[in-house]
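Residue-level structural notes
The residues making up each chain are set out below.
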Amino acid sequence: MKTPSEHNKYAGIGATIFFTGLFAAIAGSYALYFVFSGSTYALLASISFGLIWGTAIFNMDRYIVSTINKMSTPFKQFLQAAPRLVLAILIGIVISRPLELKIFDKEIREQLKINYLNGQKQRIDQLNGSFDRKYNSDIVKLEGLKSELDSLSKTIKHDRQSLNFEIFGSKTAETSGMMGYGPYAKRKEEALKERERREEDLRSQISVQERFIKERRQIDGLLDEKLMTSKELDSIVKLAGFADRNEALGQLKYSDAGKTNASNYWAITFIGLLFIFFECLPVLVKLMSGKGPYDALINDEEFLVIYRSEQDKTTEVTVLDQVQSAKVSAGIKKIRSELEGITG
């Protein structure tokens, strides 16, 4: 080993790159598992993709760190690292999201239940609103009949009381105060019976109208729309895809009123920043580290390779020039001898 003093530094950088690739493999497997959730090959597909994704991230991180030239000026090093840091941040975001989904799995499940219930309520409300607009005249008619029935029921109750007062001779502003079934009582009874017949007719019309609206609701599917039970919610949450879970994770940052939920917001944010920092760490370590023997050795080897290539190029060009010159001289001699033979 030519530079033993550099072993610990590059071993640390290499370990960081390895674990970044490992986290990427875990995150990729977890994310793809939800894409193929419910499929027979979900586990196999997720593991295969995770290994490929982790290897790709590992190789990319390795390339990012190895291409930073420590022999250049700090400003040039920063310019070299700037696009690599941007790429590292993007990779950190991609890696952190699936792991955040796993960390907050319990909270996400509860949020998904709320989302699915709210979505079903909105669907039912939309169907009811559409139905109300479609059969507005029938609904208004039914409400009118019910309103008339309520008013008539109150009038009948009052008329019965007034009839009893009239028969038993109770003096009021509406009774004569004469006991017995007299002409006043008879007229009150006839009016009461007429209102009772109207009441029965209204009840019949209301029954017909309610039956008609119920049949319309059945045909339009409104009666089949019911809120899901706890067991049904648990089943559908298990089948939730990556997009639904990702949306639920974002909603955990805010309360129902739209205000920031401080505890969840900062927990999710700092976990994401942690993985982003972890992904940027190899580049940052390489930037912060000073020039070491290994950097000088690599720079010298690169210089020698380039110098050797340039010298080989110069040699080849010189040889080719001499060969070409010899060919030209030989061609000139040949032409000259032919011309002398002709003139002689």
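Residues numbered from 1 in each chain as written. Predicted model: local features only at pLDDT ≥ 70, side-chain atom pairs only at ≥ 80, totals over all residues. Heavy atoms only, no water.

Regarding the overall build of the protein chain
Counting its secondary structure elements, the protein chain contains 10 helices and 0 strands. Seen in sequence order, the protein chain has helices and strands lined up from the N terminus as α-α-α-α-α-α-α-α-α-α. For the protein chain, buried positions account for 27% of its 344 residues. Taking the intrachain contacts of the protein chain between residues at least 6 apart in sequence as the baseline, contacts between residues at least 24 apart amount to 73%. Surface accessibility of the protein chain: about 22800 Å² in total, with carbon and sulfur atoms responsible for 60%. (Helix = DSSP H or I, 4+ residues; strand = E, 2+ residues; numbered from the N terminus. Buried < 20%, exposed > 50% of the residue type's maximum accessible area, 1.4 Å probe, protein only. Contact = heavy atoms within 4.5 Å. Areas by Shrake-Rupley, 256 points an atom, 1.4 Å probe, with all protein chains shown as cover.)

Description of the packing of aromatic side chains
Counted according to the given criterion, the structure contains 5 aromatic pairs. Residues Y254 and Y265 carry aromatic rings whose centres are separated by 6.3 Å and whose planes lie at 65 degrees to one another, so their mutual orientation is edge-to-face. Here Y254 is found in the loop between α8 (242-251) and α9 (262-288), whereas its partner Y265 is found in helix α9, with 11 residues between them in sequence. On the basis of relative accessibility, which here comes to 24%, the residue Y265 falls in the partly exposed class. Put simply, the rings of Y254, Y265, W266 and F270 pair up and form one aromatic cluster. Directly above the aromatic system of Y265 lies the positively charged group of K253, at a separation of 5.4 Å from the ring centroid. (Phe/Tyr/Trp six-rings, centres within 6.5 Å; stacked < 30°, edge-to-face > 60°. Lys NZ or Arg CZ within 6 Å of the ring centre and 35° of its normal.)

Here we look at the nonpolar core
Ranked by internal contacts, the top residues of the largest apolar core, which has 23 residues, are I95, F104, I108, L112, Y116, L249 and L252. Of all the secondary-structure elements, those providing two or more residues to this core are α1 (7-35), α3 (74-103), α4 (105-134), α7 (230-238), α8 and α9. If you look at the next biggest cluster of nonpolar residues, it comprises 12 residues, including I139, L149, I156 and L202. (Core = buried A, V, L, I, M, F, W, Y, C linked by side-chain atoms within 4.5 Å.)

Some details on the packing of α4 against α8
At a minimum axis distance of 9 Å, the contact between α4 and α8 shows a crossing angle of 100 degrees. The angle between α4 and α8 falls in the class roughly perpendicular. Packed against α4, whose contacting residues are D105, I108, Q111, L112, N115 and Y116, the element α8 presents D244, R245, A248, L249 and Q251 at the interface. (Axes fitted to C-alpha atoms, helices over the stretch in contact; angles between N-to-C directions. Parallel < 35°, antiparallel > 145°, perpendicular 65-115°, else oblique.)

What to know about the pattern of salt bridges
For the structure on display, the rule yields 9 salt bridges. One salt bridge in this structure joins D105 and R109, with 3.0 Å as the shortest N-O distance. Pair noted here: D105 and R109 are both in helix α4, with a separation of 4 residues, about one helical turn. In this structure D105 comes out as buried when scored by relative accessible area, which is 15%. R198 serves as the salt-bridge partner of D201, at 2.9 Å between the closest nitrogen and oxygen. Note that D201 and R198 are positioned in helix α6 (residues 183-219) at a spacing of 3 residues, about one turn of the helix. When its relative accessible area of 34% is taken as the criterion, D201 is described as partly exposed. Taking relative accessible area as the criterion, R198 reaches 32% and is therefore assigned partly exposed. Salt bridges linked by common partners bring D105, R109 and R245 together as one network. (Salt bridge = Lys/Arg side-chain N within 4 Å of Asp/Glu carboxyl O.)

Considerations on the environment of N299
Mapped onto the elements, N299 comes out in helix α10 (residues 293-343). For N299 and K70, which are 229 residues apart along the polypeptide, the C-alpha to C-alpha distance reads 8.8 Å.

Describing a nonpolar patch on the surface
Residues M60, V86, L87, I89, L90 and I93 make up a contiguous nonpolar surface patch of roughly 470 Å² in combined accessible area. When residues in the nonpolar patch are grouped by element, the largest group, 5 residues, is from α3. If you trace the backbone, L90 turns up in helix α3. Judged by relative accessible area, L90 falls into the partly exposed class, the value being 49%. (Patch = residues over 30% accessible without salt bridge, like charges linked within 9 Å, V, L, I, M, F, W, Y side chains within 5 Å.)

Remarks on the side chain of Q209
Among the secondary structure elements, Q209 is positioned in helix α6. With relative accessibility at 8%, the residue Q209 sits in the buried group. Contacts of Q209, omitting those with residues within four sequence positions, involve D138, K141 and L142.

Here we look at α8
Because an α-helix completes one turn every 3.6 residues, residues spaced three or four positions apart along the sequence face the same direction. All of the buried residues along α8 are R245, A248 and L249. The arc enclosing the buried residues of α8, seen along the axis, measures out at 105 degrees, which places them on a common side. (Arc of directions from axis to C-beta.)

Focus on the packing of α1 against α9
For the pair α1 and α9, interaxial distance at closest approach is 10 Å and the crossing angle is 155 degrees. Between α1 and α9, the interaxial angle falls into the category roughly antiparallel. Of the two possible hands of crossing, α1 and α9 adopt the one that is left-handed. Here Y10, I13, T16, I17, F19, T20 and F23 of α1 come into contact with α9, specifically with F275, F278, E279, L281, P282, V285 and K286. Broken down by class, the residue content of the contact of α1 with α9 amounts to 10 nonpolar, 2 polar and 2 charged. (Left-handed = near helix turned anticlockwise from the far one by under 90°. Nonpolar A, V, L, I, M, F, W, Y, C, P; charged D, E, K, R; others polar.)

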